[in-house]
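For reference, the chains in residue letters:
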Amino acid sequence: MKTMRAFLIGIFTVCCGSTVTKAQDVYLSIPENNIFNRTEFTSVPTRVMTNANRTNWDYAFFGFGPTAPTFTSVSGPTFTHSSSAFTLPSSTLLWQLESMGGQLPSTGLSGYLPGFQSFSTSAIRWFEPPASIIFGGGFYRGNINFTFKIPASQFAANSYRAGSYSMDISQNYNDFTPRNFKTILVIPSSIRWLTTSLTKYIEISSLNDYRSTGTRVFTLDNSEIAHTVDFNLWAKATSANIQFTSSKGVPGTRNIANIKLGGNGSALTTKALSSNFQNFSPANFSVVAGNRSSFIPELYVSADDFKNNFFEAGTYTFELNFNAISTDNSINTLQNTAVQLKVLPKSEITIPSSGRNVNFNFNTAAHYTNGQSQMIPNQILLSNNESFELYVKSDENYFKKGGLQTDINSNILQIGIDGSSVDTPLSKTPQKILFNGTPVLDRGLNVRYTIPPAGAQSLVGKENTTYSINVYYSFTAI
C-alpha cells in the first residue's frame, strides 16, 4: 500500500489541471536567445517516462540477450509545425538518458550509455543493458529523465518558426509509461534588432558632389533583424522637416520629402520619407534558415534636390524610426537612427584661360580723352556655399614695365560687376565689388574694367610700351 500511495501521489502531481496524455508529452521551450545568438541549447533533466514497478531489464531465455529500451518516431522523419507545412529535421534535437529513479542504471560488464542521438523512424536504443543478467545490473524505480540538446549548428542551418513542432514517439517497454508521447519544441514569437545603428554621419567636402547629374546615394549601416515570425519593415521620419543650422549658426528647415528611403536590393521599396509610418517591404521578410534577415537601407536625393536644398554649408539633421512589425501585427520592435549630413564650407573662383588677359590699347586721341571700358563676359566662375562678399585687389600699387615698377598708379583702373553701378579703383588693399552674395554654384560673372578719362589722360606722354598689373579676386564669408 505504501508503494501504491506513492505512485498515486506522483500521478496526481503530474496530471493536475490537464489531461494525462498532454501532461506526459515532452515540452521543450527553446529560448529566443539560443535561436537568435545561435548558441547551443541544453535542457535541464526532463522527465520523459515513469517507472513504478521494474528494477531490471528484459532478458531472453536463460538470462542472455537483453531487450534494449528504444525510441521510434511513428510520425515520420521530421518535426512538424502545428499550424503550417514547415518542418524541422530530426537531427535538430539530440537526447541522452540522464537518470532512472535518480541515477544512471548499472552497465555491468558489457552495458553502456550511448551518446547524444536523434529520433528516427527506426528504433534507436537509449541504453545498452549488460549482455547477461548474471553480470548485469538494474535500475531504480521513478522518473526516467533525459537531457535534450540543440547544437549551435542546427540554429544556423534551420529556420525556427514561432509555434510548436512535434514528433510522435513510441517506446518498447510496457512498464514504462507512457508507451507513446509527443516531443514538442516550443518556439517563441519574437523579433529583435541585432544591429544598433543609432547614428549615421555623412560629410560633404567637395563642390563636385553638386555637379553630378546622378541621384546621390547615402548608404546607412547594414541592418540585421532576428525573428521567428514573418514581418514587414515600416519607417518614417520623426518630423516633416529636416533641421538645418548654417555654418554661421543660423537655423532653418528643409522638407523631409526631398529624401527617399530604399535599399540596395529588392528587400526594400523606395519611397519619399514622411512623418507618417509607411511599409517599405514589397514582400514581407519571411523566417529563413538562421532566423536572421539583413538589408542595407539607403537614402536617395535627386541631383536637383541635392543642389537646391543641401548646398548651403552647415549641418542637416533628422531622425529615422524603423519598426519591424509581424505580419499579424501582434508584435513589433523599434530601432531609431539619427542622421547628420554635414556640408563643409567650400568656395571656388575659376577664371577661364580665355579671360585671363585684359588688354587696353591707347592709339587714338579719343582713347586718351574719353578713356576706355571693357566687359569680359563670364570672366569669373564663382562657387561658394556660404553667404559671401567678393573682393578685388592688385599685387602692387603701381603698374610695371618689364618687371620694373613705374609711376602709373593702379587706381587708374576701376573694376565692377555687371549689374552693379559701382566701379572700384584697383588697390593693393582688397576692395569689395559684390555685396551680400548668397550661396551659388558655378555662377558666371561679367566683369567690367574701366580706365576713366582722368586716368587715361594721366597716360599722355608715357613711353609707348606695355604696362601690366596682376588682379586678384577673393571671398569673405558673411
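Up top is the structure these notes are about.
Predicted, not measured: the structure shown is a model, and the values here were computed from it. Numbering of residues begins from 1 in every chain and follows the order in which that chain's sequence is written. Given that the model is predicted, a residue must reach a pLDDT of at least 70 before its local features are reported, and side-chain atom pairs must reach 80 or more before they are shown or counted; all residues, however, enter totals for whole chains, interfaces and linings. As a convention, hydrogens and water are excluded, and side-chain values are obtained from all of the structure's heavy atoms.

**Describing the pairing of strand β23 (residues 292-295)**
Going by this rule: Here the term buried applies to any residue with accessible area under 20% of the maximum for its type, exposed to any over 50%, and partly exposed to those in between, with areas from a 1.4 Å probe on protein chains only. In DSSP terms, a helix is any run of H or I states spanning at least four residues, a strand is any run of E spanning at least two, and both are numbered starting from the N terminus. Only when DSSP finds a minimum of two bridges between them are two strands counted as paired.
By the alternation rule, side chains of β23 split into Ser293 and Phe295, which are all buried, and Arg292 and Ser294, of which none is buried. Inspection of the sheet shows strand β16 (residues 223-227) paired to β23 by four bridges, in the antiparallel sense. Following the sheet pairing, Ala226 is matched in β23 by Arg292.

**Regarding the sheet that holds strand β13 (residues 191-193)**
The following threshold applies: Angles shown run from 0 to 180 degrees and are taken between the N-to-C directions of axes, each axis being a line fitted to C-alpha atoms and, for helices, limited to the stretch in contact.
Spatial strand order, β13-β16-β23: three strands in an open sheet with antiparallel pairing. Two strands bound the open sheet, and with one partner strand each, they are β13 and β23. For this sheet, the mean angle separating the axes of adjacent strands, direction not counted, is 20°.

**Quick notes on the sheet that holds strand β24 (residues 297-301)**
As summarised here, the arrangement of the four strands in space is β15-β24-β20-β21, forming an open sheet in which the pairing is antiparallel. Single-partner strands in this sheet number two, and they are β15 (216-219) and β21 (271-272). In the sheet, β15 pairs with β24 via four bridges, with the strands oriented antiparallel. If you follow Val217 over to β24, its bridge partner there is Tyr300.

**Comments concerning the nonpolar core**
Inclusion rule: Here, the term nonpolar core denotes a set of buried Ala, Val, Leu, Ile, Met, Phe, Trp, Tyr and Cys residues that are joined through side-chain atoms within 4.5 Å. In what follows, residue pairs with any heavy atoms lying within 4.5 Å of each other are defined as contacts.
Of all hydrophobic cores here, the largest spans 38 residues; its most connected members are Leu299 and Phe318. Of all the elements, strand β25 (residues 314-326) adds the most residues to this core, at five residues. Discounting residues that sit within four places of it in the chain, Leu299 has contacts with Arg216, Val217, Phe218, Leu220, Ile259, Lys260, Leu261, Leu273, Phe318, Leu320 and Val339. Counting 37 residues, the second largest nonpolar core, distinct from the first, contains Trp95, Ile124, Phe127 and Ala226.

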